[in-house]
Amino acid sequence: MYEFTEETVIDGNLATVWATAIDVDTWPDWDPHEEAARLNGPFTEGGTGWSKPRGGPATTWTITDVVPLGLWASECDLPGGKITGVNTFEETAEGVRCTKTVRVTGPLTPLFRFHFGRRMRRDFFKTWTALEAEAARRNNA
């Protein structure tokens, strides 16, 4: 198993940050990590989506948990394993704390760790910077 967590605090209104983060169909418009994405139905537990990160393979994923304004989690199958992601959002005095934890299991774990892991960790911060900007744009629109 390989697991890593990163977090940061961004400026913004929690409701707007949340609405932006779960608006899957617009991810490619503002998130530099995402080349293409779509949600197949409502953003609820059991819902599915598809995304193609820049420099990575396209994947279908399932939403495994949603706590409105606080958390959403997803998973996708890998050959013999899974990749899971948990995204949390918390309003603090400094802004919105964004945390992401990724867990990879199965025989592809070493490949994932060395090929995708470091890049994903860096991309989290690019995504959060873009999320902050997009939420501010939406809040001022």
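Residues numbered from 1 in each chain as written. Predicted model: local features only at pLDDT ≥ 70, side-chain atom pairs only at ≥ 80, totals over all residues. Heavy atoms only, no water.

A.B. asks: How should the overall build of the chain be read in this particular structure?
C.D. replies: The helix and strand tally for the chain stands at three helices and seven strands. Listing each helix as α and each strand as β along the chain from the N terminus yields β-α-α-β-β-β-β-β-β-α. Taking 2.2 N^0.38 as the reference for a compact globule, 141 residues should give roughly 14 Å; the C-alpha atoms of the chain span a radius of gyration of 15 Å, in line with that estimate. In terms of overall dimensions, the chain has a C-alpha envelope of 45 × 30 × 25 Å along the principal axes. Looking at the chain as a whole, 43% of its 141 residues are labelled buried. Of the contacts formed within the chain by residues at least 6 apart in sequence, a portion of 48% connects residues at least 24 apart. Surface exposure of the chain reaches about 7400 Å², of which carbon and sulfur atoms provide 54%. (Helix = DSSP H or I, 4+ residues; strand = E, 2+ residues; numbered from the N terminus. Rg over C-alpha atoms; globule rule 2.2 N^0.38 Å. Buried < 20%, exposed > 50% of the residue type's maximum accessible area, 1.4 Å probe, protein only. Contact = heavy atoms within 4.5 Å. Areas by Shrake-Rupley, 256 points an atom, 1.4 Å probe, with all protein chains shown as cover.)

A.B. asks: Can you walk me through the pattern of salt bridges in this structure?
C.D. replies: A side chain with one charge can pair with a side chain of the opposite charge if their charged atoms come near. The full count for this structure, using the stated rule, is 11 salt bridges. The partner of Arg-138 in a salt bridge is Asp-23, with the nearest N and O atoms 3.1 Å apart. Of this pair, Arg-138 sits in helix H3 (residues 109-140) while Asp-23 sits in the loop between helix H1 (14-21) and helix H2 (27-30), and the two are 115 residues apart along the sequence. On the accessibility criterion, Arg-138 (24% relative accessible area) is partly exposed. Arg-137 serves as the salt-bridge partner of Glu-134, at 2.8 Å between the closest nitrogen and oxygen. (Salt bridge = Lys/Arg side-chain N within 4 Å of Asp/Glu carboxyl O.)

A.B. asks: I tried to follow the nonpolar core on my own but got confused; where do I start?
C.D. replies: If you look at the biggest cluster of nonpolar residues, it comprises 32 residues, and the most contacted ones within it are Trp-61, Trp-72, Phe-89, Phe-112 and Leu-131. Among the elements that make up this core, the one with the highest residue count is H3 (eight residues). (Core = buried A, V, L, I, M, F, W, Y, C linked by side-chain atoms within 4.5 Å.)

A.B. asks: Looking at this structure, I do not really get the layout of surface pockets. What am I missing?
C.D. replies: The probe, sized like a water molecule, is rolled over the atoms to show the empty space still left. Within this model, the largest pocket holds a volume of roughly 910 Å³. Of the residues forming the lining of the largest pocket, the biggest block, nine residues, is contributed by H3. Each residue belonging to the lining of the largest pocket can be placed in one class, and the counts come to 21 nonpolar, 10 polar and seven charged. (1 Å grid on protein atoms, 1.4 Å probe; cavity = no way out; pocket = protein on both sides within 12 Å on 5 of 7 lines; lining within 4 Å. Points joined across faces, edges and corners; volume = space filled by probe spheres on them. Nonpolar A, V, L, I, M, F, W, Y, C, P; charged D, E, K, R; others polar.)

A.B. asks: Is there a simple way to think about the sheet that holds strand E7 (residues 95-105) in this case?
C.D. replies: Strand pairing in a sheet relies on backbone hydrogen bonds, with the paired strands running either antiparallel or parallel. Taken together, seven strands build an open sheet; the order of strands is E1-E7-E6-E5-E4-E3-E2 and the sheet is antiparallel. Two strands close off the open sheet at either side, each with one partner strand: strand E1 (2-10) and strand E2 (34-40). Strand-to-strand twist in this sheet, taken as the mean axis angle between neighbours without regard to direction, amounts to 20 degrees. Bridging between strand E5 (residues 71-78) and strand E6 (residues 81-92) involves eight bridges; their strand directions are antiparallel. Its bridge partner lying in E6, Ala-73 is registered against Val-86. Seen against the sheet, H1 touches E1, strand E4 (59-67), E5, E6 and E7 and runs at an angle of roughly 160 degrees to E6. Packed on one face of the sheet, H3 meets E1, E6 and E7 and runs near 10 degrees to E1. (Pairing = 2+ DSSP bridges. Axes fitted to C-alpha atoms, helices over the stretch in contact; angles between N-to-C directions.)

A.B. asks: I would appreciate a short explanation of the side chain of Ser-74 in the present structure.
C.D. replies: Note that Ser-74 resides in strand E5. On the accessibility criterion, Ser-74 (13% relative accessible area) is buried. With residues near it in sequence (within four places) discarded, Ser-74 still touches Trp-61, Thr-62, Ile-63, Thr-64, Ile-83, Thr-84 and Gly-85.

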